[in-house]
Amino acid sequence: MNVVIEPSWKAHLRSEFESLYFQSLVQFVKSEYKGHTCYPPGKQIFAAFDHCTFDNLKVVILGQDPYHGPRQANGLCFSVHDGMPHPPSLVNIFKETCQDLGLAYPKSGDLSRWASQGVLLLNATLTVRAHSAGSHQNKGWEQFTDAVIRTISDRKEKVVFMLWGGYAKKKGRVINMQKHRVLTSGHPSPLSANRGLWFGNKHFSRCNDYLRDNSIDAIDW
C-alpha cells in the first residue's frame with residue numbers, strides 16, 4: 001500500500017503503513033471521502049509531515065480533530081487557510097503569543113510558517129466528516145499518531161512537546177520525559193481559557209528558552 005508522505009517520515013513509519021490496522025484505516029478513509037464531504041482535502045491529510053521533516057523537527061504541538069467546517073482544515077492542527085477567520089482556539093493561541101513574546105496579533109491563521117521551522121502540528125485524528133466532530137475517531141488514527149509520538153521520543157533528542165488539554169496530556173504517556181521537554185497546560189479553547197487554564201502558560205517563550213539552552217535555533221512564532 002502506497003502512502004504519499006514526506007520521505008523521511010515514510011522511512012521511520014514504514015511498519016505502521018504496512019500494518020493491518022493501517023490498511024483497514026485507509027479503506028475506511030477512502031470510503032468516507034467517497035461517500036461524504038470530509039476534511040482536510042485528501043492531498044493535505046499528511047500535510048503536518050510534509051511541512052516538517054523528521055530531521056528538522058524540534059517541537060510537537062498536538063491537537064485532536066481537524067476543523068470540520070468548510071475550507072478551514074489544512075492538515076496542520078489549529079491552523080486554517082490564509083484569509084479564513086480564526087477559530088476561537090487559534091485566537092487564544094495568538095493572544096498568548098502576543099502576551100508571552102510581545103508580538104503583534106497575526107493576520108494569517110496559516111501556521112505553515114511554524115511548521116517549516118520544525119514544528120510538527122499533529123492532530124490525533126487526521127480526518128473528519130464535515131460538520132461531525134469526532135466522526136473519524138477510534139478507526140485507527142489514534143494508534144498511528146501514538147506511533148508517531150513514540151517514534152519521535154525514541155529516535156530524537158531534546159524535542160519540546162506542547163500538550164494542551166486532557167486529551168493531549170494522555171497522549172504524552174509514550175514520551176520519554178528524560179530526553180525531552182514536555183510542557184502541559186489547559187486547552188486554548190474558550191471553555192478552558194476562560195477558566196484560567198490557558199493564558200499565562202508562557203509555552204512559547206519556555207520552548208524557545210529550552211531550545212536555546214540546548215544550542216538549537218529558536219522558533220520565530
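Overview of the structure. (Residues numbered from 1 in each chain as written. Predicted model: local features only at pLDDT ≥ 70, side-chain atom pairs only at ≥ 80, totals over all residues. Heavy atoms only, no water.)

Thoughts on the packing of helix H4 (residues 88-101) against helix H9 (residues 203-213)
H9 packs onto H4 with a crossing angle of 60° between their chain directions and a minimal axis gap of 8 Å. The orientation of H4 with respect to H9, classified from their angle, is oblique. Here Ile93, Glu96, Thr97, Asp100 and Leu101 of H4 come into contact with H9, specifically with His203, Phe204 and Ser205. When its residues are assigned to classes, the contact of H4 with H9 shows three nonpolar, three polar and two charged. (Axes fitted to C-alpha atoms, helices over the stretch in contact; angles between N-to-C directions. Helix = DSSP H or I, 4+ residues; strand = E, 2+ residues; numbered from the N terminus. Parallel < 35°, antiparallel > 145°, perpendicular 65-115°, else oblique. Contact = heavy atoms within 4.5 Å. Nonpolar A, V, L, I, M, F, W, Y, C, P; charged D, E, K, R; others polar.)

A short note on helix H1 (residues 7-17)
Listed in full, the buried residues belonging to H1 are Ser8, Trp9, Lys10, Leu13, Glu16 and Phe17. Considered in projection along H1, the buried side chains sweep an arc of 165° and stay on one side of the axis. Exposed and oriented more than 90 degrees from the buried face of H1 are Pro7 and Ser15. On its buried face, H1 sits against helix H2 (20-35), helix H3 (47-51), strand S3 (119-123) and helix H6 (141-155). (Buried < 20%, exposed > 50% of the residue type's maximum accessible area, 1.4 Å probe, protein only. Arc of directions from axis to C-beta.)

Points about the environment of phenylalanine 144
Here phenylalanine 144 is to be found in helix H6. Distance from phenylalanine 144 to leucine 126, taken between C-alpha atoms, is 9.7 Å for residues 18 residues apart in sequence. Setting aside anything within four residues of it in sequence, one finds phenylalanine 144 in contact with Leu13, Glu16, Phe17, Tyr21, Phe22, Phe46, Phe49 and Leu126.

A short note on unusual backbone geometry
Cis geometry marks the peptide bond from tyrosine 39 to proline 40, where omega comes out at -5°. Secondary-structure assignment places proline 40 in the loop between strand S1 (38-39) and H3.

Comments concerning the sheet that holds strand S6 (residues 181-185)
Pairing is parallel across the open sheet formed by four strands, whose spatial order is S3-S2-S5-S6. Each having just a single partner strand, S3 and S6 make up the two edges of the open sheet. When the angles between neighbouring strand axes are averaged without regard to direction, this sheet yields 20°. Note that strand S5 (residues 160-164) and S6 share five bridges and pair parallel. Residue pairing for S6: phenylalanine 161 is matched across the bridge by valine 182. Contacting strand S2 (59-63), S3 and S5, H6 runs over the sheet at an angle of about 155° to S3. (Pairing = 2+ DSSP bridges.)

With respect to the packing of aromatic side chains
All told, the structure shown has 21 aromatic pairs when counted by the stated rule. Arranged with centres 5.0 Å apart and planes meeting at 80°, the rings of tryptophan 9 and phenylalanine 49 form a pair that is edge-to-face. Here tryptophan 9 is found in helix H1, whereas its partner phenylalanine 49 is found in helix H3, with 40 residues between them in sequence. For the pair shown, tryptophan 9 and phenylalanine 49 are each scored as buried. Ring geometry for phenylalanine 17 against phenylalanine 22: centres 5.1 Å apart, planes inclined by 70°, an arrangement best described as edge-to-face. The exposure classification of phenylalanine 17 matches that of phenylalanine 22, with both residues buried. (Phe/Tyr/Trp six-rings, centres within 6.5 Å; stacked < 30°, edge-to-face > 60°.)

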